[in-house]
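Listed below are the residues making up each chain.
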Amino acid sequence: QLKALQSATPSTNAPYEVRAPISGTIVSVSKSSGEQVAAGEAIMEIVALGTVWVEAPIFEKDLGRLSKDVGAIFTTAAYPDKEFRGRLISVNKLVDEQSRTAKAIFEVPNGSGQLSIGMQANIRLDAGERLAVLLIPREAVLDNEGKKIAYVLISGEELERREVVLGDE
């Protein structure tokens, strides 16, 4: 009877197939080959990077300007010329006493797989009021005795000097 029990017990070198509940990228392995694994114990960590969540601190004074339809544009140091767009998922109701910020979470499609877990990102929110403004090259704005001016072509070769008010650059 003991021999039958031993032969029914699998060898530690027997191959086992382990199936993950999700597909993704393995980011850490917590067990070695031949090491015992208990039920429910993690063998490895897998992340699905098709969609990532970006956490961003939002200043308390700006929280009233956020709404579910606010757009967010992210850039990273790894891809400074590429913009990633996301949508607001939630805003934490707890404001940090030191920084006076609340954590907002944005969902960002990452089909290209360029965004990785732990990356830092710069965020630009489309949460301000909309203004109709004229966009001109930075070089067209001149400093004249502390005032900002630009020259406007009136007709042919006739230019008119105008004082301008600068907004975002």
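See the structure above.
J.: Tell me about the overall build of the protein, and please be specific about residues and values.
T.: Helix and strand content of the protein: one helix and 10 strands. Each helix (α) and strand (β) of the protein, taken in turn from the N terminus, gives the series α-β-β-β-β-β-β-β-β-β-β. In summary, the protein has a C-alpha radius of gyration of 28 Å against a globular reference of 15 Å for 169 residues, an excess of more than 25%. For the C-alpha atoms alone, the extent of the protein along its principal axes is close to 105 × 40 × 25 Å.

J.: Account for the nonpolar core, with residues named and values stated.
T.: By size, the foremost hydrophobic cluster in this structure holds 16 residues, and its most contacted members are Phe-74, Leu-88, Phe-106 and Val-108. Listing elements by their share of this core, those giving two or more residues are strand S3 (51-59), strand S4 (71-76), strand S5 (84-91) and strand S6 (101-109). Considering each element in turn, this core owes the most residues, four residues, to S3. Setting aside anything within four residues of it in sequence, one finds Phe-106 in contact with Val-52, Trp-53, Val-54, Ala-56, Ala-72, Phe-74, Arg-87, Leu-88, Ile-89, Ile-123 and Leu-125.

J.: Which residues make up the pattern of salt bridges, and what values do they have?
T.: Overall, the coordinates contain 10 salt bridges when judged by the stated rule. A salt bridge links Lys-31 to Glu-41, with the nearest nitrogen and oxygen atoms 2.7 Å apart. Of this pair, Lys-31 sits in the loop between strand S1 (25-29) and strand S2 (44-47) while Glu-41 sits in the loop between S1 and S2, placing them 10 residues apart in sequence. Here Arg-65 makes a salt bridge to Asp-62, at a shortest N to O gap of 3.5 Å. Several salt bridges converge on common partners, so that one network encompasses Lys-31, Glu-35 and Glu-41.

J.: Describe the packing of aromatic side chains, listing the residues and the values that go with them.
T.: Considering all chains together, one arrives at one aromatic pair under this definition. Geometrically, the ring pair formed by Phe-74 and Phe-106 is edge-to-face, given 5.7 Å between the ring centres and 70 degrees between the ring planes. Here Phe-74 is found in strand S4, whereas its partner Phe-106 is found in strand S6, with 32 residues between them in sequence. The class for Phe-74 is buried, based on a relative accessible area of 3%.

J.: So what's going on with the sheet that holds strand S10 (residues 158-163)? Residues and values would help.
T.: Pairing is antiparallel across the open sheet formed by three strands, whose spatial order is S8-S9-S10. The sheet is open, and its two borders are formed by strand S8 (142-144) and S10, each paired with just one other strand. The sheet shows a mean angle of 45 degrees between the axes of neighbouring strands, taken without regard to direction.

J.: A description of the sheet that holds strand S7 (residues 121-126) should follow, citing residues and the corresponding values.
T.: In space, the five strands of this open sheet follow the order S3-S6-S5-S4-S7, with antiparallel pairing throughout. Two strands close off the open sheet at either side, each with one partner strand: S3 and S7. Direction aside, the axes of adjacent strands within the sheet are offset by 40 degrees on average. The sheet contact formed by S5 and S6 spans four bridges and is antiparallel. Bridging across to S6, Leu-88 finds its partner in Phe-106.

J.: Can you break down the environment of Gly-113 residue by residue, with the values?
T.: Along the chain, Gly-113 turns up in the loop between S6 and S7. In this structure Gly-113 comes out as partly exposed when scored by relative accessible area, which is 39%. Sequence-wise, Gly-113 and Leu-49 are 64 residues apart; in three dimensions their C-alpha atoms are separated by 6.3 Å.

J.: Explain the environment of Val-37 to me, and be specific about the residues and the numbers.
T.: The topology assignment puts Val-37 in the loop between S1 and S2. What makes Val-37 partly exposed here is its relative accessible area of 36%. When the C-alpha positions of Val-37 and Ile-117 are compared, they lie 27 Å apart, and in sequence the two are 80 residues distant. Setting aside chain neighbours within four positions, we find Val-37 in contact with Lys-31 and Ile-43.

So, how was this worked out
- Residues numbered from 1 in each chain as written.
- Predicted model: local features only at pLDDT ≥ 70, side-chain atom pairs only at ≥ 80, totals over all residues.
- Heavy atoms only, no water.
- Helix = DSSP H or I, 4+ residues; strand = E, 2+ residues; numbered from the N terminus.
- Rg over C-alpha atoms; globule rule 2.2 N^0.38 Å.
- Core = buried A, V, L, I, M, F, W, Y, C linked by side-chain atoms within 4.5 Å.
- Buried < 20%, exposed > 50% of the residue type's maximum accessible area, 1.4 Å probe, protein only.
- Contact = heavy atoms within 4.5 Å.
- Salt bridge = Lys/Arg side-chain N within 4 Å of Asp/Glu carboxyl O.
- Phe/Tyr/Trp six-rings, centres within 6.5 Å; stacked < 30°, edge-to-face > 60°.
- Pairing = 2+ DSSP bridges.
- Axes fitted to C-alpha atoms, helices over the stretch in contact; angles between N-to-C directions.

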